Amino acid sequence: MPNRKNAKDLMIRLEDYPHIPYWFTLRQAMAIIREATVKFETTFEPRAVLVFDEQYQLMGILTLRDIITGLEPRFLKETSLIKMDPSLTVLMGDFFGPKMIEQSQRPVSEVMSSIKVTVNAGDPITKPLYLMIKENVSLIPVMEGGRVAG
């Protein structure tokens, strides 16, 4: 029987993957991603941050898309012009001004995405690959003994 790889063989260990508590701000999350990008420059590039509660239970995931959405000033979402053409938010936004700084202080729990699927460490590697395509996600937490392993 050939040696078959499982999810644990290919995962990035939780100790090596950026993760934060749910009360961190978007600004802090961006700093964690930047730090991890530098630290693991030749190994991998993190595209998200895992978000945990006080008991170290996985609550969600904060993707780069979530961060960008979270930084959009609220006043831009509410104008009638933006409702007619949402692409105008970039043109009208005060992208690096006071509103952006204010938005960067939001807790990640306000903008994070839920976890759609997980796999077990012993699952064959085909399972997470299939689920990534089926659920349209770019990463899947790997569980071991009821906890996130990677």
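All values derive from a computational prediction rather than experimental measurement.

Draft legend 1. Structural context of the pattern of salt bridges. What the rule picks out here adds up to six salt bridges. Notably, a salt bridge pairs Asp-16 with Arg-13, separated by 3.5 Å at the nearest N-O pair. Take Arg-13: its relative accessible area is 44%, and that puts it in the partly exposed class. Via salt bridges that share partners, Arg-13, Glu-15 and Asp-16 belong to a single interconnected network.

Draft legend 2. A look at the nonpolar core. Of all hydrophobic cores here, the largest spans twelve residues; its members are Ile-20, Leu-26, Ala-29, Ile-33, Val-49, Val-51, Leu-62, Ile-67, Leu-71, Met-100, Val-108 and Val-111. Broken down by secondary-structure element, the contributors of at least two residues to this core are helix H2 (26-39), strand E2 (48-52) and helix H3 (64-71). With three residues, H2 is the largest single contributor of residues to this core. Residues in contact with Val-108, not counting those within four places in the same chain, are Ile-20, Pro-21, Tyr-22, Phe-24, Thr-25, Leu-26, Ala-29, Val-51 and Leu-62.

Draft legend 3. Up close: the confidence of the model for the protein chain. Considering every residue of the protein chain, the mean pLDDT works out to 82; 81% of them sit at 70 or more. The lowest-confidence element of the protein chain is helix H6 (residues 89-92), averaging 48 in pLDDT; the highest-confidence one is strand E4 (residues 119-120), averaging 96.

Draft legend 4. Representation of the packing of aromatic side chains in the model. According to the stated counting rule, one finds two aromatic pairs in the structure shown. When the ring of Tyr-22 is compared with that of Trp-23, the centres are 5.3 Å apart and the planes differ by 80 degrees; the resulting orientation is edge-to-face. In this structure Tyr-22 comes out as partly exposed when scored by relative accessible area, which is 24%. Measuring from ring centre to ring centre gives 4.6 Å for Phe-52 and Tyr-56, while their planes differ by 10 degrees; the resulting arrangement is stacked. Here Phe-52 falls in the buried class, since its relative accessible area comes to 2%. By relative accessible area, which is 39% here, Tyr-56 ends up partly exposed.

About the cut-offs
Residues numbered from 1 in each chain as written. Predicted model: local features only at pLDDT ≥ 70, side-chain atom pairs only at ≥ 80, totals over all residues. Heavy atoms only, no water. Salt bridge = Lys/Arg side-chain N within 4 Å of Asp/Glu carboxyl O. Buried < 20%, exposed > 50% of the residue type's maximum accessible area, 1.4 Å probe, protein only. Core = buried A, V, L, I, M, F, W, Y, C linked by side-chain atoms within 4.5 Å. Helix = DSSP H or I, 4+ residues; strand = E, 2+ residues; numbered from the N terminus. Contact = heavy atoms within 4.5 Å. pLDDT = per-residue confidence, 0-100. Phe/Tyr/Trp six-rings, centres within 6.5 Å; stacked < 30°, edge-to-face > 60°.

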